[in-house]
Amino acid sequence: MEFYNTSIITYEFLQNYWWFLVSLLGALLVFLMFVQGGNSLIFSLGHTQEERRMLINSTGRKWELTFTTLVTFGGAFFASFPLFYSTSFGGAYWLWMIILFSFVLQAVSYEFQNKLGNFLGPKTFQWCLIINGIVGPLLIGGAVATFFNGSNFLIEKANLVGGMQPIISKWANDSNGLDALLDPWNLMLGFAVFFLARVLGLLYYINNVRDEMIGKRARKQLVGNTITFLIFFLAFVVRTLLKDGYAYDPMTGVITMEPLKYLHNLLDMWYLFVILLIGVVLVLYGIIRTVADKTFVKGIWPTGIGVVLTVLVLLLIAGWNHTAYYPSNADLQSSLTIMNSCSSEFTLRTMAVVSLLIPFVLAYIAYAWYSLDKKKIDKAEIKNGEVY
């Protein structure tokens with residue numbers, strides 16, 4: 001059976017397929033932000049310079065994975081849904097520039113904090129890691145929340161063939177994306193992602209760092225961060241499922257408001273509802289068992305898998321089932337859907353062939369992770385040849 005058989009692999013299938021891949025990358029990114037969550041806890045978990053070096057060495061082994069996934073996420077969006085890329089990354093550039101700057105700050109901090117000639121001192125760069133640990137998850141969560149709450153932009157496709165400046169999309173105000181932070185529900189998801197990253201960071205340290213005092217402090221802080229995360233997350237999810245959503249007619253492309261749209265998406269696509277339940281159970285299992293069993297150190301894995309499944313479902317219901325995944329609060333008909341914002345069928349079909357290599361890339365990442373974690377972080381490593 002040929003992959004290019006258009007009777008099987010239709011344009012609509014490719015649109016949904018690429019939204020799935022983009023959503024999967026987004027879900028993996030949220031999991032990998034355990035690096036940012038862990039960095040936000042450097043001083044609360046590490047009370048001595050030696051303890052802080054162990055924590056930084058632990059996340060320092062994995063920070064490239066988070067940064068690479070963020071860049072890949074943006075690249076996949078650009079290739080498959082270019083109108084979203086030009087609208088959000090181009091119009092809301094202040095929001096995305098702050099996010100990217102915080103990640104660049106992270107990279108610089110890892111590489112230079114203990115280098116000779118660092119006249120700023122290690123603690124300065126450690127604080128930079130904390131800034132990234134707070135700003136990165138908070139703003140990424142706020143940006144993702146606009147998939148459900150909308151942003152202020154206008155789409156004028158007629159400009160592409162008429163006028164002196166062929167600009168299709170533009171921001172409806174001068175904030176260039178910072179207005180997203182004025183919506184309390186965007187901040188609600190932002191804080192949920194921030195505290196989730198801290199929960200994942202704590203679980204990762206418990207698994208990766210062999211130090212009794214750090215382990216005790218991490219388990220103690222796990223409860224408070226989990227409760228705070230659940231409060232913000234459940235408030236956002238319940239409100240989203242009960243609010244009006246942005247639906248579009250696949251024949252005409254006309255966008256309308258539909259009561260309980262996201263709840264309908266979960267019920268219509270029942271398999272996603274099942275995956276969501278599995279994800280939530282895995283998240284809670286990993287956390288509860290870690291708190292209850294002082295010898296259990298593998299909570300990062302069930303919780304991490306649960307996070308990927310949960311976030312994946314939330315992103316899928318934002319774009320599948322004839323839903324506008326990037327609503328416009330300035331002009332409803334300017335809202336973006338996977339139908340009106342995607343690349344050509346030829347582009348999506350060609351990229352789909354390349355995407356078949358993804359399982360091999362994931363297998364390599366898993367092998368690299370396993371190789372790096374053969375030896376856990378301890379005080380001996382810090383004394384005999386630390387990395388960061």
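Quick caveat: nothing in here was measured; it's all calculated off a predicted structure.

**A few points about the pairing of strand 4 (residues 255-258)**
When a strand is regular, its side chains alternate between the sheet's two faces.
Logical step 1: Bridge count for strand 3 (residues 245-248) against strand 4 is four bridges, and the pairing is antiparallel. Within the sheet, the bridge partner assigned to Ala 247 lies in strand 4 and is Thr 256.
Logical step 2: Hairpin connection between strand 3 and strand 4: a loop of six residues separates the two successive antiparallel strands, and Gly 253 in this loop has a positive phi of roughly 80°.

**Topic: the packing of aromatic side chains**
Both the distance between ring centres and the angle between the ring planes are used here to describe each pair of aromatic rings.
Logical step 1: Going through the model one piece at a time under the given rule, you end up with 41 aromatic pairs.
Logical step 2: Consider the rings of Trp 270 and Tyr 271, whose centres lie 5.9 Å apart with planes at 80°: the pair is edge-to-face.
Logical step 3: Residue Trp 270 is classed as exposed on the basis of its relative accessible area of 59%.
Logical step 4: The ring of Trp 369 carries Lys 62 above its face, with NZ or CZ at 4.8 Å from the centroid.

**A short note on a nonpolar patch on the surface**
Logical step 1: On the surface, Tyr 93, Trp 94, Met 97, Ile 98, Leu 100 and Leu 178 cluster together into a nonpolar patch covering about 530 Å² of accessible area.
Logical step 2: Looking at the secondary structure, you find Trp 94 in helix 7 (residues 93-112).

**Regarding the layout of surface pockets**
Logical step 1: Considered as a void within the structure, the largest pocket measures approximately 940 Å³ in volume.
Logical step 2: Lining the largest pocket are 28 residues, and of these Leu 25, Leu 28, Ile 358, Leu 362 and Ile 365 sit closest to its centre.
Logical step 3: Of the volumes computed, that of the second largest pocket is approximately 580 Å³.
Logical step 4: As for the second largest pocket, its lining consists of 31 residues, and the residues nearest its centre are Leu 189, Phe 233, Thr 310, Val 311 and Leu 314.
Logical step 5: Where the lining of the second largest pocket is concerned, the elements lending two or more residues are helix 1 (11-32), helix 8 (122-149), helix 9 (184-208), helix 10 (212-242), helix 12 (270-292) and helix 13 (300-319).

Rules behind the numbers
- Residues numbered from 1 in each chain as written.
- Predicted model: local features only at pLDDT ≥ 70, side-chain atom pairs only at ≥ 80, totals over all residues.
- Heavy atoms only, no water.
- Pairing = 2+ DSSP bridges.
- Helix = DSSP H or I, 4+ residues; strand = E, 2+ residues; numbered from the N terminus.
- Phe/Tyr/Trp six-rings, centres within 6.5 Å; stacked < 30°, edge-to-face > 60°.
- Buried < 20%, exposed > 50% of the residue type's maximum accessible area, 1.4 Å probe, protein only.
- Lys NZ or Arg CZ within 6 Å of the ring centre and 35° of its normal.
- Patch = residues over 30% accessible without salt bridge, like charges linked within 9 Å, V, L, I, M, F, W, Y side chains within 5 Å.
- Areas by Shrake-Rupley, 256 points an atom, 1.4 Å probe, with all protein chains shown as cover.
- Salt bridge = Lys/Arg side-chain N within 4 Å of Asp/Glu carboxyl O.
- 1 Å grid on protein atoms, 1.4 Å probe; cavity = no way out; pocket = protein on both sides within 12 Å on 5 of 7 lines; lining within 4 Å.
- Points joined across faces, edges and corners; volume = space filled by probe spheres on them.

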